[in-house]
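# A look at the structure
The residues making up each chain are set out below.
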Amino acid sequence: MMVKPEEKFKGKGLRKCRICGSARAVIRSHRLQICRRCFREVAADIGFKKYG
Ligand SMILES: [Zn+2]
């Protein structure tokens, strides 16, 4: 697992989905910071098909 100093700092206590506001299973990769649920919905929209 790679944790950048920047993300380590900003990711502290800020793991909330930007869409639904949920803090469960939030993905922080690609700076999306959205939960897995919303990710699947927006993944196609942003052209991000590969996940998992
Ligand atoms: Zn969400």
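Everything that follows concerns the structure shown earlier in this document.
Overview of the structure. Here the structure is a predicted model, which means the values were calculated and not measured.

## Side note on the environment of Cys38
Looking at where Cys38 falls in the secondary structure, it is placed in helix H2 (residues 36-46). Exposure remark for Cys38: the relative accessible area of 9% places this residue in the buried category. Each C-alpha atom of the pair Cys38 and Ile19 lies 6.9 Å from the other, and the pair is 19 residues apart in sequence. Discounting residues that sit within four places of it in the chain, Cys38 has contacts with Cys17, Ile19 and Cys20.

## Topic: the coordination of the zinc ion
Distances from the zinc ion to its protein donors, Cys17 (SG), Cys20 (SG), Cys35 (SG) and Cys38 (SG), fall within 2.2 to 2.3 Å. The site at the zinc ion holds four donor atoms, and with the angles between them running 100 to 115°, its shape is tetrahedral. Coordination of the zinc ion draws on donor residues from a single chain, spaced C-x2-C-x14-C-x2-C in sequence. Residue Cys17 is classed as buried on the basis of its relative accessible area, which comes to 4%.

Procedures and definitions
For every chain, the first residue of the written sequence is number 1, and numbering continues from 1 onward in sequence order. Reporting of local features is limited, given that this is a predicted model, to residues whose pLDDT is at least 70; pairs of side-chain atoms are given and counted only at 80 or more, and all residues count toward the totals for whole chains, interfaces and linings. In computing side-chain properties, one takes all heavy atoms of the structure into account and sets aside hydrogens as well as water. To qualify as a helix, a DSSP run of H or I must reach at least 4 residues; to qualify as a strand, a run of E must reach at least 2; elements of each kind are numbered from the N terminus. When accessible area is computed with a 1.4 Å probe and restricted to protein chains, residues below 20% of their type maximum are described as buried, those above 50% as exposed, and intermediate ones as partly exposed. Contacts: residue pairs with any heavy atoms within 4.5 Å of one another. Metal donors: N, O and S atoms at distances within 2.8 Å, or within 3.2 Å for Na, K and Ca, with water omitted from the atom set so that some sites may seem incomplete. Geometry assignment treats four donors as tetrahedral when all angles are between 85 and 135 degrees, treats four as square planar and six as octahedral when opposite donors are over 155 degrees apart and all others between 65 and 115, and treats everything else as irregular.

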